[in-house]
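Okay, here's what each chain looks like letter by letter:
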Amino acid sequence: MIKIHHDIWDKTRPFVVNLFKHTFLFCLTILVLWIMIQLPDILFPNKPLTVKALAYISETALIFHFAKDSI
């Protein structure tokens, strides 16, 4: 019984580790995106909408720049 359990765990362990790793990276990415969206509001609270729009556009360009390497 124990050997069967270890055989099953040895086969499924890499998938479980990858699932946790990718879930952690996904949550971290979502957190970074949320911070980047909130950053112009924190840095430029009294600035006009055009300044905030330029900040959003530059952040989006940074996201696409780094995302193209992983696609």
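Up top is the structure.
Here is a short report on the structure shown in this document. (Residues numbered from 1 in each chain as written. Predicted model: local features only at pLDDT ≥ 70, side-chain atom pairs only at ≥ 80, totals over all residues. Heavy atoms only, no water.)

## So, a nonpolar patch on the surface
A surface patch of nonpolar side chains, about 680 Å² in accessible area, is lined by Phe24, Leu25, Leu28, Leu31, Val32, Trp34 and Ile35. Following the sequence through the fold, Leu31 ends up in helix α1 (residues 2–43). (Patch = residues over 30% accessible without salt bridge, like charges linked within 9 Å, V, L, I, M, F, W, Y side chains within 5 Å. Areas by Shrake-Rupley, 256 points an atom, 1.4 Å probe, with all protein chains shown as cover. Salt bridge = Lys/Arg side-chain N within 4 Å of Asp/Glu carboxyl O. Helix = DSSP H or I, 4+ residues; strand = E, 2+ residues; numbered from the N terminus.)

## Overview of the layout of surface pockets
Approximately 210 Å³ is the volume found for the largest pocket. Elements with a contribution of two residues or more to the lining of the largest pocket: α1 and α2 (49–70). Among the elements that take part in the lining of the largest pocket, α1 stands out by supplying six residues, more than any other. Residue composition of the lining of the largest pocket, by class: eight nonpolar, one polar and no charged. (1 Å grid on protein atoms, 1.4 Å probe; cavity = no way out; pocket = protein on both sides within 12 Å on 5 of 7 lines; lining within 4 Å. Points joined across faces, edges and corners; volume = space filled by probe spheres on them. Nonpolar A, V, L, I, M, F, W, Y, C, P; charged D, E, K, R; others polar.)

## A few points about the environment of Ile63
Along the chain, Ile63 turns up in helix α2. Each C-alpha atom of the pair Ile63 and Leu33 lies 8.6 Å from the other, and the pair is 30 residues apart in sequence. Setting aside chain neighbours within four positions, we find Ile63 in contact with Leu33 and Met36. (Contact = heavy atoms within 4.5 Å.)

## Examining the environment of Ile30
Within the element layout of this structure, Ile30 appears in helix α1. Among the residues examined, Ile30 registers a relative accessible area of 42% and is labelled partly exposed. Sequence spacing of Ile30 and Lys68 is 38 residues, and the spatial spacing of their C-alpha atoms is 17 Å. (Buried < 20%, exposed > 50% of the residue type's maximum accessible area, 1.4 Å probe, protein only.)

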